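If you want the building blocks of each chain, they are given just below.
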There are 2 protein chains.
Amino acid sequence: MQTLLTESLTYLETSLERYKQEIEKNIQRFIETEIDSRFREEVKHILEGGKRLRGATIMMISELLNGDKDKAMRAATAIEIVHSSSLAIDDIIDMDTKRRGKDAAWVAFGVGKTILVTNVLIPKAVEMVIPLGEKAVKEVLSTWSDVSRGEILDSYQEDADYIEVIELKTSRMYELAFVLGALSAGEERLLDTMKTIGREIGTLYQVLDDFIDTIFVKSKGEKERLSLERFNKWIGIETGNIDKDELVSKVRVIVNQYLRKLDSSIQKLPFKKLRDILSVLPYYMIQKQLSEFGLNLPLP
Amino acid sequence: MQTLLTESLTYLETSLERYKQEIEKNIQRFIETEIDSRFREEVKHILEGGKRLRGATIMMISELLNGDKDKAMRAATAIEIVHSSSLAIDDIIDMDTKRRGKDAAWVAFGVGKTILVTNVLIPKAVEMVIPLGEKAVKEVLSTWSDVSRGEILDSYQEDADYIEVIELKTSRMYELAFVLGALSAGEERLLDTMKTIGREIGTLYQVLDDFIDTIFVKSKGEKERLSLERFNKWIGIETGNIDKDELVSKVRVIVNQYLRKLDSSIQKLPFKKLRDILSVLPYYMIQKQLSEFGLNLPLP
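Residues numbered from 1 in each chain as written. Chains lettered and ligands numbered in written order. Predicted model: local features only at pLDDT ≥ 70, side-chain atom pairs only at ≥ 80, totals over all residues.

## Looking at the relation of the copies chain A and chain B
And then number 1: With an RMSD of 0.0 Å, chain A superimposes on chain B once it is rotated by 180 degrees and translated 0.0 Å along the axis. The transformation just described matches what one would write down for a two-fold rotation axis. No C-alpha of chain A lies nearer the rotation axis than that of isoleucine 115 of chain A, which sits 3.8 Å from it.
And then number 2: An overlap of 100% is found between the interface residues of chain A and their copies at the interface of chain B, pointing to a shared contact surface. (Least-squares fit on C-alpha atoms with pLDDT ≥ 70 in both. Contact = placed C-beta atoms within 7 Å.)

As structure tokens, then:
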């Protein structure tokens with residue numbers, strides 16, 4: 001059993017890294033061929049430097065389903081363009097000044113130009129997935145609308161529900177990755193299960209992210225405070241008087257719940273290799289998130 | 001001849017007004033059924049109060065081509081949503097504080113929320129035209145990308161060419177109206193001619209708009225100054241030392257050139273009734289634009 005896990009983890013790490021490089025190349029090609037040279041630098045600034053996890057997940061799922069590689073690459077590039085654009089927009093809303101180790105786009109070239117450049121980019125991303133069919137186009141469009149709605153609720157709606165907000169703001173984009181992976185292989189029958197897996201992984205990711213922010217991020221902006229208060233209320237601890245051990249044990253329970261849910265969703269997939277690889281993905285993601293802060297979570 | 005013109009003008013005015021009312025109702029229905037009640041007021045603020053000229057043009061063209069009314073209404077609603085959203089964004093860029101007789105959206109509820117609300121709305125507009133087919137979806141996407149590119153060039157690119165900028169910023173949306181009108185009737189063979197007519201009408205509109213701004217608008221923001229300098233340079237007059245008579249005579253020559261171009265494009269259409277009605281549309285639009293400022297232009 002341990003050998004299978006190690007093998008799957010190695011496969012996962014190797015292919016995500018390989019696809020990251022390929023996506024990077026395709027994004028560069030997109031910038032060189034599709035973007036007006038008069039604002040190419042601004043587009044580079046917004047698109048460069050991502051981990052490409054969502055895109056690489058699409059490529060990997062597509063490969064495991066014997067999907068069409070060109071379609072998968074279109075979807076992967078599109079999701080990274082939409083994701084990077086939404087981060088550039090979020091930074092305006094949250095007044096975050098740094099992103100991916102450099103100045104946020106709005107700091108580098110202003111709020112106005114940042115808004116307009118994202119409005120050039122996002123429709124191009126949607127156009128990119130047209131060859132994957134109407135369902136794919138609809139999914140990209142509704143994801144992007146939902147992510148924006150989630151960001152409105154997150155930033156301006158004090159009484160919004162924590163799970164509702166993070167399912168829109170974060171999980172929708174993971175759902176999209178899993179859905180586009182399946183659609184690039186023409187596997188429409190997997191869509192419901194893929195959506196569930198994506199939503200559960202996204203939610204798990206955001207819960208851990210908020211947990212890390214609560215413990216490690218000292219100076220919080222107004223908008224971030226609203227998010228974290230919502231998280232604290234949901235998990236049942238008192239903002240301003242956080243018992244670290246209590247928080248850790250509560251988060252541990254929730255993480256385990258989500259890992260069990262994920263396992264049962266993944267077992268519904270009719271492809272053994274896909275099941276084996278996706279089974280380790282949540283652990284891989286958690287480990288990456290935690291290790292940045294010197295934390296650790298052992299494999300099952 | 002004069003009777004035909006008067007009849008066509010009456011038909012045009014009546015149907016544009018009727019369709020405006022119908023579009024208005026459909027936009028209200030969209031807001032009530034498709035928009036989260038927690039930011040419905042903000043959406044209303046952005047969408048309400050337009051002249052609906054682009055949408056009504058789609059409906060009218062579709063009717064003259066015996067098109068599908070449901071498809072035409074989808075396209076009309078979509079174009080009005082995209083157009084209103086782009087105005088809300090432009091007001092941020094230009095720091096314009098008033099729009100359609102009330103506070104600009106960013107003044108009423110902030111830059112951040114305005115950006116996010118447009119990002120909820122625009123993908124919903126694109127989704128709306130899916131029943132019109134892949135070409136329609138592509139046209140809406142590329143229009144929206146091009147309009148944003150035009151706004152970048154207009155606001156930040158001092159050496160951009162006047163015609164290039166207005167063809168992107170203004171004419172693309174008119175092209176879209178004419179294209180969607182034809183597509184709602186399944187008339188793909190008309191697309192090239194429709195695009196040309198839309199582009200020429202849009203350019204004519206913007207030239208007159210810039211002419212009016214040069215003469216009547218006293219206090220200009222930084223971004224507006226850049227646009228108008230580009231206009232003055234193109235038309236060959238000196239900013240800061242404008243000879244009104246010279247300007248009027250130059251604009252008159254250009255307007256007549258465009259009216260002739262438009263006439264020859266419209267004559268290429270294979271439907272008599274459509275030709276008759278579209279022939280008066282440029283005069284109707286010019287008249288509306290000028291009469292707001294007490295100016296006048298006789299029918300041909």
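## Looking at the nonpolar core
Side chains of a nonpolar character, in soluble globular proteins, are inclined to be buried together.
And then number 1: Counting 166 residues, the largest nonpolar core has Ala75, Val140 and Leu180 of chain A together with Ala75, Val140 and Leu180 of chain B as its most contacted members.
And then number 2: Those residues in contact with leucine 180 of chain A that lie beyond four places of it in its chain are Ile58, Ala75, Ile79, Leu132, Ala136 and Glu139 of chain A. (Core = buried A, V, L, I, M, F, W, Y, C linked by C-beta atoms within 7 Å. Buried ≥ 20, exposed ≤ 12 C-beta atoms within 10 Å, placed from the backbone.)

## Remarks on the interface of chain A and chain B
And then number 1: Listed per partner, the contact involves 34 residues of chain A and 34 residues of chain B.
And then number 2: Listing elements by their share of the side of chain A that touches chain B, those giving two or more residues are helix H4 (69–94), helix H6 (111–128) and helix H7 (134–156) of chain A.
And then number 3: In terms of residue count, the dominant contributor to the side of chain A that touches chain B is H7 of chain A (14 residues).
And then number 4: Per-class residue counts for the side of chain A that touches chain B are 18 nonpolar, 7 polar and 9 charged. (Helix = DSSP H or I, 4+ residues; strand = E, 2+ residues; numbered from the N terminus. Nonpolar A, V, L, I, M, F, W, Y, C, P; charged D, E, K, R; others polar.)

## Some details on the environment of glutamate 224 of chain A
And then number 1: If you trace the backbone, glutamate 224 of chain A turns up in helix H10 (residues 222–235).
And then number 2: The sequence separation of glutamate 224 of chain A and aspartate 96 of chain A amounts to 128 residues, and the corresponding C-alpha distance is 9.9 Å.

## Overview of helix H3 (residues 53–64) of chain B
All names here are of chain B.
And then number 1: For H3, spanning 12 residues, the distance from its first C-alpha to its last is 16 Å, which sits close to the expected 16 Å at 1.5 Å a residue.
And then number 2: Judged by how many residues are buried, H3 sits mostly within the fold: 12 of 12 residues are covered.
And then number 3: Inspection of H3 places Leu53, Arg54, Gly55, Ala56, Thr57, Ile58, Met59, Met60, Ile61, Ser62, Glu63 and Leu64 among the buried residues, and these make up the whole buried set. (Expected span 1.5 Å × (residues − 1).)

## A short note on the packing of helix H9 (residues 191–216) of chain B against helix H10 (residues 222–235) of chain B
Residues and elements named next belong to chain B.
And then number 1: It is at 10 Å that the axes of H9 and H10 come closest, and there the two elements cross at 105 degrees. Taken together, the axes of H9 and H10 are roughly perpendicular relative to one another. Residues Asp210, Asp213 and Thr214 of H9 form the contact with H10, whose own contacting residues are Ser227, Leu228, Phe231 and Asn232.
And then number 2: Taken together, the residues that form the contact of H9 with H10 break down as 2 nonpolar, 3 polar and 2 charged. (Axes fitted to C-alpha atoms, helices over the stretch in contact; angles between N-to-C directions. Parallel < 35°, antiparallel > 145°, perpendicular 65-115°, else oblique.)

## Concerning the packing of H4 of chain A against H7 of chain A
Residues and elements named next belong to chain A.
And then number 1: Look at H4 against H7: their axes get within 12 Å of each other, and the N-to-C directions meet at 20 degrees. Considered as vectors, H4 and H7 are oriented roughly parallel to each other. The way H4 lies across H7 gives a crossing that is right-handed. Across the interface between the two elements, Ala75, Ala78, Val82, Ser86, Asp90 and Ile93 of H4 pack against Ala136, Val140, Trp144, Val147, Glu151 and Ser155 of H7. (Left-handed = near helix turned anticlockwise from the far one by under 90°.)

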